[in-house]
Amino acid sequence: MIVINIVMQIRPEKTDDWLALADSYARNVNAEEGCLYFAFSRSLTDENEYVCIEGFRDADAGSTHTSQPYVKEFFEQMPDLVSAQPQILYIDTPHDGFGPMGEIQPR
C-alpha cells in the first residue's frame, strides 16, 4: 500500500478556486480502481492550510493515478493556488489499509 500525506498552503484569495478544483479532483481520484481512499481536510488551526491524505493499493495503482489527465490538470493549476511549496510524506508500506484503533471504541 502507498500512503501519501501532503500539507499545502492555499492563497486566501484563491480559496473558492481551490475548493472547486479539490472537489472535482477528489471525486476523480476516489473513482480510480486502485484508490483505497483520498480526501482533503482543512486545518483547524490555519484556515489556509489543507491536508491531503491518500492511499493506493500498490505502486502500480499509484503509477496509474499519476498518468490520468485530471492529475496533469491539477498539477498545472496548483502553482496559481498555493502560497508556498507543498510538503509531502510518501510511505510504501506492507499494510493493506486502515485497521481498528485499540484506544478508542464507541460506548
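What this report covers is the structure whose coordinates are included nearby. (Residues numbered from 1 in each chain as written. Predicted model: local features only at pLDDT ≥ 70, side-chain atom pairs only at ≥ 80, totals over all residues. Heavy atoms only, no water.)

**Quick word on the sheet that holds strand β2 (residues 35-42)**
In step 1: The strand order across the open sheet built from 4 strands is β2-β3-β1-β4, with neighbouring strands paired in antiparallel fashion. Edge positions in the sheet fall to β2 and β4 (87-92), since each of these pairs with one other strand and no more. Recorded for the sheet is a direction-independent mean angle of 10° between the axes of neighbouring strands.
In step 2: Pairing of strand β1 (residues 2-9) with strand β3 (residues 49-56) involves 8 bridges; the strand directions are antiparallel. Bridging across to β3, N5 finds its partner in I53. (Pairing = 2+ DSSP bridges. Helix = DSSP H or I, 4+ residues; strand = E, 2+ residues; numbered from the N terminus. Axes fitted to C-alpha atoms, helices over the stretch in contact; angles between N-to-C directions.)

**Thoughts on the nonpolar core**
In step 1: Ranked by size, the top nonpolar core spans 24 residues in total, and within it M8, W18, Y25, F38, F40 and M78 carry the most contacts.
In step 2: The set of elements that each furnish at least two residues to this core consists of β1, α1 (15-30), β2, β3 and α3 (69-77).
In step 3: It is α1 that contributes the most residues to this core, 6 residues altogether.
In step 4: Apart from the residues within four sequence positions on either side, F40 is in contact with M8, W18, A22, Y25, A26, V51, C52 and F74. (Core = buried A, V, L, I, M, F, W, Y, C linked by side-chain atoms within 4.5 Å. Buried < 20%, exposed > 50% of the residue type's maximum accessible area, 1.4 Å probe, protein only. Contact = heavy atoms within 4.5 Å.)

Take it as geometry only, folks, not as evidence of what the structure does.
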